[in-house]
Amino acid sequence: MKTYKYLYKAILILLLLSSYLTHSQIRPSEFFKRQWLDLDSDASLCCNSLDETLDDFSFDWDYNYNTAFNNLVLLEQAKLDEIESWYRRQYNLIQDEIEKQLDTPFNSYDQAKKAFFSDIEGKNITRNTPVLLSKYEKLYNPGRNKNRKYLKELKHLQLREIEIRDGNINNSQFPYLQAKGVSLKEITSLSKLSELKYDLENAFGNQKSRNHEYVYIIEKLNYLGSDFDNEMLNLKNKFYNSFDKWDQLGLMQFLLNYEHYKDILRPPYSTPDELVEFQFSDMATEPVIEEYAKNNRGGGVSLFDPRYPEINRYLYQNNFCGGYIDLMAWEADKQAALDGYIDNVSTHRIIASNLIQELNITNQNQIEWLNSYTNKNDLNNLSNFMQNYRVNGIVPVEVKEFVMEFLNIIEEIPTAKFKRYEELMELIKDDPFVLLEDCIQQNGLDIVNYQQLYDHTLPQSCKNRLDNLGSDFQDQPLNTGNAAVANVDYYSVEITTNPDFNLDGIPDSDAEVYNAYKNKFTDLASGNKDDFQFSCNIPFNTNNKADISWTFSPYYSVDATTWNSNNPLAAIIEIIAWGDVKFSDLVSDDGAIMISAFTPQYWIGSTIQTFRTKSQPFSGNRQWGYLTNQNGNLELYARAVDVARVDDLTLFGPGTDECKEETYYNIGDATWSNLQEEIKYWVNAYNGQASVVPRTAVHFDKNKLKELLESNDTINQINCN
């Protein structure tokens, strides 16, 4: 029997040693080197001094479980030989190692073990709880968004139901809103509406129940409490006590190794097959924490949860003696709660959403304006206005364009009122020049002439040439002006005696003077002004004065040919500006015009952008020509309807927008006043008699328009003052 006992021990030790050697490059202890197993000798002779030759546990951990394997080989040998003194020594060594790891002395092994277990499970809680929190937050937040969507779509159905019950079957005010992917304009019966409503209410209720639980699970995960700590400690001790006293030593040394392993590596953490009996030593795992949070969360269940009436029987019992549950009462409570949620959904945002889709709005400023609660009344007015013109669910294109024009205005005048805009547009519809008419007439100008310039656009031949020149050449119409002031002006020279430009001794006819004016135009229009007073502060210029000049000339050689021909249509005239100051780009802005109309009495130049000049200093149209004035005399003139377009560089330069705009208009005035003087000098030099007519310039201040659109009073007329 002695021989079989030691044969069994030898096989077990060799198996453990083999496992150890497989996982480690550490040499086995001297105990395993000696010929300790002698099957023919007396057992007592073999093992009298085992305690003296058997190594103690090592706590020199590496990146794996090699030390733990070595310790288990030693443990198994001591366990087989029942070496009590070795056992007690390891007991004390483990306590010493725990004290070292926790940097705390303990009065006993049990006290050290308890602290060690608490530390392990505290780390597990800290490590695993954030993963669960993230999981439930990822469930809750999308769930909350789903319910917002369900409520929004239920609100859509509520609005559509009102329309259908009022007999509005095919002309929904909110055609682009949807419920379960179905547009409201497609819902034409209460039965279809009820079907969609039933599905959405169920989806909302189910998600509401889940969200209710998620909230309280998250709340519990954020504070598991001391009860959970104690429960984990009890489970840890229960696991520990499931082993005999020898394997308890094996568990403890494994745990010390395992915690070291977890500190230096990232999850998931593996446990070798040889250590399988210890693999479930962690108590505060994700499943355990999750189950605890679920079972110990507060908050009960949601009103929309099917378990609610049973859990809250006292609310729905038909008597105090445990009668049946009145489910109809519960359904009524659910519906009342749901109706409250739906009523709280902002109709304002829903109307804005429909308008954004129906008008295909992508401008972020306009979207923000529509969504702003401040503009609720105007939003309703916009929507109702479109509804008034809607036929069979379709809003006419011109109505959409009308609304979009207003939305373009609110970018510059955010406080504009749609009702005022409607009134103003009605006035303009009756009289397109109503904004400037009173001021023009008060200044003695003929409204018809300026209305022509106001309405004038490039003819197709001019557009074709710009297209052929490439993307750097573009029209710059009146509505692209960025100044706060619109301009209407008239500069002229009265000729009482016609000149003799051809020097034949006979005064030229009016038509001949006009042709000479056109041929001489680029020279006459070019000029300069010394000590021009700028409205803005000029860098490194104490008095804000400087010499300025401007030159008119054909853009390309082909433009010179076209301009000098009998039909100069589509010729481009370049205007080069210059200022004798530091940073002259801040105070000079080149430009260009294209001849967009030519008759025997006048020509019109329209502002354009070119490769060299970029944007033109003014946007609009200017006309040069001749007429017979009320005195019966010849009059050469220049008149325009335009708006300053302040160069981007100038906009960001020194000074306020107002002073920059004023400088632009002052430079314009200097240009055309100079033209008057040049014409007078030229005519007089050729035996004519000419005098400058005082110029007329009318500026319609956009601030006046702002006042009109912001006013609480109805607009029925527009006065100059």
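**Q** Looking at this model, I keep getting lost on the pairing of strand E11 (residues 634-644). Mind explaining?
**A** Each regular strand carries side chains that alternate between the two faces of the sheet. For E11, a buried count of 11 out of 11 residues is recorded, marking the element as mostly surrounded by other parts of the structure. What you see with E11 is no split at all: Leu634, Leu636, Ala638, Ala640, Asp642 and Ala644 on one side and Glu635, Tyr637, Arg639, Val641 and Val643 on the other are buried throughout. Where strand E10 (residues 618-628) folds back onto E11 in an antiparallel hairpin, the turn is made up of five residues, including glycine 632, whose phi is positive at roughly 80°.

**Q** Which parts of the structure should I look at to understand the packing of aromatic side chains?
**A** Note on aromatic pairs: each is described by the distance of the centres and the angle between the planes. Scanning the entire structure with this criterion turns up 44 aromatic pairs. Summarising the aromatic geometry, the rings of tyrosine 87 and tyrosine 91 are spaced 5.9 Å apart at their centres and angled 50° between planes, so their arrangement reads as tilted. Within this pair, tyrosine 87 and its partner tyrosine 91 are both found in helix H6 (residues 84-102), separated by four residues, close to a single helical turn. The exposure class assigned to tyrosine 91 is partly exposed, which follows from its relative accessible area of 27%. Between phenylalanine 385 and phenylalanine 418, the ring centres sit 5.3 Å apart and the planes meet at 75°, which makes this aromatic pair edge-to-face. Of this pair, phenylalanine 385 sits in helix H17 (residues 376-389) while phenylalanine 418 sits in helix H19 (residues 418-430); the two residues are 33 residues apart in sequence, bridging distant segments of the chain.

**Q** Would you take a moment to explain the layout of surface pockets for this structure?
**A** With a probe scaled to a water molecule rolled over the atoms, the places where space remains empty come into view. As a volume, the second largest pocket reaches approximately 640 Å³. Taken together, 38 residues form the lining of the second largest pocket, with Phe618, Tyr664, Ile667, Gly668 and Thr671 sitting closest to its centre. Elements with a minimum of two residues in the lining of the second largest pocket: strand E4 (485-497), strand E6 (545-554), strand E7 (572-579), strand E9 (602-609), E10, helix H26 (657-685) and strand E12 (689-701). Looking at the lining of the second largest pocket element by element, the count peaks at nine residues for H26. Classifying every residue of the lining of the second largest pocket by side-chain character gives 18 nonpolar, 13 polar and seven charged.

**Q** I would appreciate a short explanation of unusual backbone geometry in the present structure.
**A** Glycine aside, negative phi is the norm for most residues, and most peptide bonds take the trans geometry. For asparagine 392, which is not glycine, the phi dihedral falls at a positive 55°. With respect to the element layout, asparagine 392 can be found in the loop between H17 and helix H18 (397-412). By relative accessible area, asparagine 392 is classed as exposed at 64%. For leucine 503, which is not glycine, the phi dihedral falls at a positive 55°. Tracing the backbone shows leucine 503 in the loop between E4 and helix H23 (510-525). For leucine 503, a relative accessible area of 61% translates into the label exposed.

**Q** Help me understand the nonpolar core in this model?
**A** It is characteristic of soluble globular proteins that their nonpolar side chains tend to be buried jointly. In terms of nonpolar packing, the biggest core is built from 59 residues, with Leu157, Ile187, Leu355, Leu370, Leu382, Phe406 and Leu407 touching the most fellow members. The residues contacting leucine 157, other than those within four sequence positions of it, are Ala179, Ile187, Leu193, Leu196, Lys197 and Leu200.

**Q** So what exactly am I meant to see when it comes to H6 here?
**A** Note: α-helices contain 3.6 residues per turn, so residues at a spacing of three or four share the same orientation. Taking 1.5 Å of rise per residue, 19 residues should cover 27 Å, and H6 covers 27 Å from first to last C-alpha, within 8% of that figure. Restricting attention to buried positions, one finds in H6 the residues Trp86, Tyr87, Gln90, Ile94, Gln95, Glu97, Ile98 and Glu99. Positive backbone phi, at 55°, marks aspartate 103, one or two positions downstream of H6.

**Q** Quick question: what am I supposed to make of the packing of helix H7 (residues 109-165) against helix H10 (residues 245-264) here?
**A** When two helices pack together, their arrangement is given by the angle between their axes and by how far apart the axes lie. H10 packs onto H7 with a crossing angle of 30° between their chain directions and a minimal axis gap of 12 Å. In this structure, the crossing between H7 and H10 has a hand that is left-handed. When H7 is examined against H10, the residues Tyr109, Lys113, Phe116, Phe117, Ile120, Lys123, Asn124 and Arg127 are found in contact with a partner set consisting of Met252, Leu255, Leu256, Glu259, Lys262 and Asp263. Across the contact of H7 with H10, the residue classes tally to seven nonpolar, one polar and six charged.

**Q** I would appreciate a short explanation of the pairing of E7 in the present structure.
**A** Note that E6 and E7 share seven bridges and pair antiparallel. Bridging from a neighbouring strand, serine 553 pairs with glutamate 574 of E7.

**Q** Hey, could you run me through the packing of helix H15 (residues 347-358) against H17 in this one?
**A** Close contact between H15 and H17 brings their axes to 10 Å; oriented N to C, the two are set at 50°. The angle between H15 and H17 places the two elements in the oblique class. Classified by chirality, the crossing of H17 by H15 is left-handed. Taking contact as the criterion, the partners of His348, Ile351, Ala352, Leu355 and Glu358 in H15 are, on H17, Lys376, Leu379, Asn380, Leu382, Ser383 and Met386. Considered class by class, the residues forming the contact of H15 with H17 number six nonpolar, three polar and two charged.

**Q** For this particular structure, what's the right way to read the environment of phenylalanine 254?
**A** Within the secondary structure layout, phenylalanine 254 lies in helix H10. Separated by 24 residues in the primary sequence, phenylalanine 254 and phenylalanine 278 have C-alpha atoms spaced 7.7 Å apart. The contacts of phenylalanine 254, once residues within four sequence positions are left out, are Tyr65, Thr271, Leu275, Phe278 and Ser281.

**Q** In this structure, what is going on with the side chain of glutamate 121? I would like to understand it.
**A** By the element assignment, glutamate 121 lies in helix H7. Aside from chain neighbours lying at most four places away, what touches glutamate 121 is Met232, Lys236, Ser281, Asp282, Met283 and Ala284.

**Q** I tried to follow the pattern of salt bridges on my own but got confused; where do I start?
**A** Pairs can form between side chains of opposite charge once their charged atoms are near each other. This model, assessed by the stated rule, comprises 29 salt bridges. Between aspartate 305 and arginine 307 there is a salt bridge, with the nearest N and O atoms lying 2.8 Å from each other. You can call aspartate 305 buried: its relative accessible area is 5%. For arginine 307, a relative accessible area of 41% puts it in the partly exposed group. With its nearest N and O atoms 2.9 Å apart, the salt bridge here joins arginine 612 to glutamate 574. Taken together, the positions of arginine 612 in the loop between E9 and E10 and glutamate 574 in strand E7 put the pair 38 residues apart, joining distant regions of the chain. On the basis of relative accessible area, arginine 612 is assigned to the partly exposed category, the value being 42%. Several salt bridges share partner residues, and in doing so they unite Glu213, Arg297, Asp305 and Arg307 into one network.

**Q** So what exactly am I meant to see when it comes to the environment of isoleucine 595 here?
**A** As for its position among the elements, isoleucine 595 is in strand E8 (residues 591-598). Measuring from C-alpha to C-alpha, the distance between isoleucine 595 and alanine 570 comes to 5.1 Å, with 25 residues separating the pair along the chain.

**Q** Could you clarify how one ought to interpret the confidence of the model for the chain in this entry?
**A** Do not read the predicted coordinates in detail wherever pLDDT is low. Across the chain, the average pLDDT comes to 85, with 85% of residues at 70 or higher. By mean pLDDT, helix H25 (residues 648-651) is the weakest element of the chain at 33, and helix H8 (residues 190-222) is the strongest at 97. For residues 1-48, every residue scores under 50 in pLDDT, and the model assigns this stretch 60 contacts once sequence neighbours within four places are set aside. Counting interchain partners and residues more than four positions distant, the pLDDT-below-50 stretch residues 647-659 has 26 contacts.

Rules and cut-offs
Residues numbered from 1 in each chain as written. Predicted model: local features only at pLDDT ≥ 70, side-chain atom pairs only at ≥ 80, totals over all residues. Heavy atoms only, no water. Buried < 20%, exposed > 50% of the residue type's maximum accessible area, 1.4 Å probe, protein only. Helix = DSSP H or I, 4+ residues; strand = E, 2+ residues; numbered from the N terminus. Pairing = 2+ DSSP bridges. Phe/Tyr/Trp six-rings, centres within 6.5 Å; stacked < 30°, edge-to-face > 60°. 1 Å grid on protein atoms, 1.4 Å probe; cavity = no way out; pocket = protein on both sides within 12 Å on 5 of 7 lines; lining within 4 Å. Points joined across faces, edges and corners; volume = space filled by probe spheres on them. Nonpolar A, V, L, I, M, F, W, Y, C, P; charged D, E, K, R; others polar. Core = buried A, V, L, I, M, F, W, Y, C linked by side-chain atoms within 4.5 Å. Contact = heavy atoms within 4.5 Å. Expected span 1.5 Å × (residues − 1). Axes fitted to C-alpha atoms, helices over the stretch in contact; angles between N-to-C directions. Left-handed = near helix turned anticlockwise from the far one by under 90°. Parallel < 35°, antiparallel > 145°, perpendicular 65-115°, else oblique. Salt bridge = Lys/Arg side-chain N within 4 Å of Asp/Glu carboxyl O. pLDDT = per-residue confidence, 0-100.

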